[in-house]
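# Residue-level structural notes
Spelled out from the first residue to the last, the chains are:
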Amino acid sequence: MTDFDDFLRHKYAYVAIGEFKPGCFSEARQLYEKAVSTYTKGFQGAYLLQEPGSDRGIAIILWDSIEDMDDHQSDLYQQTLGKIAHLFETPPVTSFYEVCSEIGLPQLLAAAGAAAK
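The following refers to the structure shown.

## Here we look at the overall build of the protein chain
Secondary structure assignment for the protein chain yields five helices and four strands. In the protein chain, which comprises 117 residues, the share counted as buried stands at 29%. Here the contacts in the protein chain between residues at least 6 apart in sequence split such that 74% fall between residues at least 24 apart. Accessible surface for the protein chain amounts to roughly 8000 Å². Of this, 59% is attributable to carbon and sulfur atoms.

Rendered as C-alpha cells:
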C-alpha cells in the first residue's frame, strides 16, 4: 500500500517572483545555487527561470512537504538570503503551492536513474 500512498501524496513548491537591480541577475543566480546546494531531506529539485533580456525571474523549489522546507531554514540559508536581498529591485512575491500534476519529468528522471545503474 506504500506505493499507492506515495502516489497520492503531492509535492509542494515554493515560488518566488522578482526583479533584480540591473545587471545583478548573475550574482543572484550564484547565491541561489549556493543556497539550494545545501538542501537535503525532502528536497526534490529547483528551477531558476530568467525572462530573456531582463533581470526578472522566477525561482521554484520543490519539496516533499512544507515541514521539510521549513527544516532547511538554517543559518547558512538566512545568511544567503541576506546576501541576495540587496540585489532585488523590489522584494519578491513568494507563495507556496501544492503540485497537482507532473507530466514528463518524473519519468525522465526515473529513466536517467535506471540508465546510470
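## Thoughts on the sheet that holds strand β3 (residues 56-63)
Whether parallel or antiparallel, the strands of a sheet pair through hydrogen bonds between backbone atoms. Ordered by their spatial adjacency, four strands build an open sheet running β2-β3-β1-β4, and the pairing between neighbours is antiparallel. Where the open sheet ends on each side, the last strands, each with one partner, are β2 (43-50) and β4 (88-98). The sheet shows a mean angle of 15 degrees between the axes of neighbouring strands, taken without regard to direction. As judged from the eight bridges shared by strand β1 (residues 12-20) and β3, these two strands associate in the antiparallel manner. Pairing of tyrosine 14 across the sheet is with isoleucine 61, part of β3. In this fold helix α2 (residues 25-36) packs onto β1, β2 and β3, with an angle of close to 180 degrees to the strand it touches most, β2.

## As for helix α4 (residues 75-85)
Side chains of residues three or four places apart in an α-helix project in the same direction, reflecting 3.6 residues per turn. Residues of α4 that are buried: Tyr77, Thr80 and Ile84. The buried side chains of α4 occupy one side of the element, clustering within an arc of 65 degrees when seen end-on. Buried positions along α4 lie against β1, α2 and β4.

## Focus: the packing of aromatic side chains
A full pass over the atoms with the stated rule returns six aromatic pairs. Geometrically, the ring pair formed by tyrosine 39 and tryptophan 63 is tilted, given 4.9 Å between the ring centres and 55 degrees between the ring planes. Of this pair, tyrosine 39 sits in the loop between α2 and β2 while tryptophan 63 sits in strand β3, and the two are 24 residues apart along the sequence. Each member of the pair, tyrosine 39 as well as tryptophan 63, carries the same accessibility label: buried. Here a set of aromatic residues connected by ring pairs shows up, and it is made of Phe20, Phe25 and Phe88.

## Describing the nonpolar core
Counting residues in each nonpolar core, the largest one holds eleven residues, listed as Tyr14, Ala16, Tyr32, Ala35, Val36, Tyr39, Ala59, Ile61, Trp63, Met69 and Tyr77. Elements that contribute at least two residues to this core include exactly β1, α2 and β3. In this structure, Phe20, Phe25, Ile84 and Phe88 belong to the second largest nonpolar core, which totals eight residues.

About the criteria used
- Residues numbered from 1 in each chain as written.
- Predicted model: local features only at pLDDT ≥ 70, side-chain atom pairs only at ≥ 80, totals over all residues.
- Heavy atoms only, no water.
- Helix = DSSP H or I, 4+ residues; strand = E, 2+ residues; numbered from the N terminus.
- Buried < 20%, exposed > 50% of the residue type's maximum accessible area, 1.4 Å probe, protein only.
- Contact = heavy atoms within 4.5 Å.
- Areas by Shrake-Rupley, 256 points an atom, 1.4 Å probe, with all protein chains shown as cover.
- Pairing = 2+ DSSP bridges.
- Axes fitted to C-alpha atoms, helices over the stretch in contact; angles between N-to-C directions.
- Arc of directions from axis to C-beta.
- Phe/Tyr/Trp six-rings, centres within 6.5 Å; stacked < 30°, edge-to-face > 60°.
- Core = buried A, V, L, I, M, F, W, Y, C linked by side-chain atoms within 4.5 Å.

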